[in-house]
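A closer look at the structure
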Amino acid sequence: LGHILFFEWERYLANPLEIFMTWKGGMSFHGGFLGVLIAMILYCKKKQIPLLRFADIFAAITPIGLFFGRIANFVNGELYGRVTDVSWAIIFPYGGHFPRHPSQIYEALLEGLLLFIILNIGWRISCLREIPGRLSGLFLLGYGLARTFVEFFREPDTFYTILGINLTTGQVLSIPMILIGAYFLCQPLTCHKTK
């Protein structure tokens, strides 16, 4: 549903039965993120678990899935990058005859590996664990910044012009993540010495 709403609304509006044709693809990280968020809210409410504490644990392991998801994108030759002349460019089977950035690998390294390392260092710092939502904020900020950066190398789905700046759909959808992540991280930091 995220893919439909965020990336190809006009196509599915014209052919609504294609919504149910899941074999034709149509995954969206931002849509999946919203689905997981709704599921977490409902689960935590039902089990009476503090949402932000649960989200912090979930955020610390999510980059593992992102890493393998982006590797799968690379293996499948989908979500490839823009045309380039860098020495590590790749000609993708569905990307035409021109070499392109392996943007899936960039995303695997930034959204997956680097973000996993940062969050797990954060998990070991008691100051960051003490305030619920702090690690979730670090994830949102880290993912949003990584995705925004890689979008400069990835073949864009669509563009939006905001304040005279052309942004891809992925960048536009990452802006709220960056802002919410920064909000959670801007809470006062209080560290207590532990014995």
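Notes on the structure follow. (Residues numbered from 1 in each chain as written. Predicted model: local features only at pLDDT ≥ 70, side-chain atom pairs only at ≥ 80, totals over all residues. Heavy atoms only, no water.)

Take helix 4 (residues 51-76) next. The end-to-end C-alpha distance of helix 4, which contains 26 residues, comes to 35 Å, matching closely the 38 Å that a straight helix rising 1.5 Å per residue would cover. Of all bends in helix 4, the biggest is about 35°, found at A60, and the proline P63 comes one to four residues later. Contacts from the buried residues of helix 4 go to helix 3 (29-47), helix 5 (103-124) and helix 7 (134-150). G77, located one to two residues past helix 4, shows a positive phi value of around 70°. (Helix = DSSP H or I, 4+ residues; strand = E, 2+ residues; numbered from the N terminus. Expected span 1.5 Å × (residues − 1). Bend = angle between axes of the 7 residues up to and from the residue. Contact = heavy atoms within 4.5 Å.)

The next subject is the packing of aromatic side chains. Going through the model one piece at a time under the given rule, you end up with 9 aromatic pairs. Ring centres of F139 and Y143 lie 6.2 Å apart, and the angle between their planes is 25°; this geometry places the pair in the stacked category. Separated by 4 residues within a single helix, F139 and Y143 lie in helix 7, roughly one turn from each other. Like F139, the residue Y143 is buried in the burial classification. (Phe/Tyr/Trp six-rings, centres within 6.5 Å; stacked < 30°, edge-to-face > 60°. Buried < 20%, exposed > 50% of the residue type's maximum accessible area, 1.4 Å probe, protein only.)

Within the structure shown, the criterion is met by 7 salt bridges. A salt bridge links E111 to R70; the nearest nitrogen and oxygen atoms lie 3.2 Å apart. With a gap of 41 residues between them, E111 in helix 5 and R70 in helix 4 connect regions that are remote in the sequence. As far as the burial class goes, E111 and R70 line up, both buried. (Salt bridge = Lys/Arg side-chain N within 4 Å of Asp/Glu carboxyl O.)

The residue S103 is located in helix 5 in this model. The class for S103 is buried, based on a relative accessible area of 0%. Once residues within four sequence positions are removed from consideration, S103 is found in contact with L79, Y80, G81, V150, F153 and R154.

To continue, consider helix 5. Within an α-helix, residues lying three or four positions from one another point in the same direction, as the helix has 3.6 residues per turn. Spanning 22 residues, helix 5 covers 30 Å between terminal C-alpha atoms, matching the ideal 32 Å at 1.5 Å per step. L115 marks where helix 5 bends most, by close to 35°. Where helix 5 is buried, its residues contact helix 4, helix 6 (126-130) and helix 7.

What follows deals with the side chain of H101. Inspection of the secondary structure assignment puts H101 in the loop between helix 4 and helix 5. Within polar-contact distance, the side chain of H101 engages the side chain of Y106 at 2.7 Å. (Polar contact = N/O pair within 3.5 Å; in protein donor to acceptor, adjacent residues only side chain to side chain.)

The biggest cluster of nonpolar side chains holds 12 residues, and these are F29, A59, L66, L115, L119, L128, L135, L138, F139, L140, Y143 and M177. Those elements giving two or more residues to this core turn out to be helix 4, helix 5 and helix 7. Of the residues forming this core, the biggest block, 5 residues, is contributed by helix 7. Discounting chain neighbours no more than four positions away, the residues touching F139 are F29, F33, A59, T62, P63, L66, L115 and L119. (Core = buried A, V, L, I, M, F, W, Y, C linked by side-chain atoms within 4.5 Å.)

The next thing to look at is a nonpolar patch on the surface. Together, V36, F58, I61, I64 and F68 line one region of the surface with nonpolar side chains, adding up to about 440 Å² of accessible area. By residue number, the principal contributor to the nonpolar patch is helix 4, which donates 4 residues. (Patch = residues over 30% accessible without salt bridge, like charges linked within 9 Å, V, L, I, M, F, W, Y side chains within 5 Å. Areas by Shrake-Rupley, 256 points an atom, 1.4 Å probe, with all protein chains shown as cover.)

Turning next to the environment of A108. Checked against the element boundaries, A108 lands in helix 5. According to the relative accessible area criterion, A108 is buried, its value standing at 1%. Sequence separation between A108 and P63 is 45 residues; the distance between their C-alpha atoms is 8.7 Å. Those residues in contact with A108 that sit more than four places away from it in its chain are F67, R70, I71 and L113.

Relative orientation of the contacting elements helix 4 and helix 7 amounts to 30°, with a least axis distance of 7 Å. The angle between helix 4 and helix 7 falls in the class roughly parallel. Considering how the two elements wind past one another, helix 4 and helix 7 form a crossing that is left-handed. Contact residues: helix 4 offers L52, A55, D56, A59, T62, P63, L66 and R70, while helix 7 offers R134, L135, S136, F139, Y143 and R147. When its residues are assigned to classes, the contact of helix 4 with helix 7 shows 8 nonpolar, 2 polar and 4 charged. (Axes fitted to C-alpha atoms, helices over the stretch in contact; angles between N-to-C directions. Parallel < 35°, antiparallel > 145°, perpendicular 65-115°, else oblique. Left-handed = near helix turned anticlockwise from the far one by under 90°. Nonpolar A, V, L, I, M, F, W, Y, C, P; charged D, E, K, R; others polar.)

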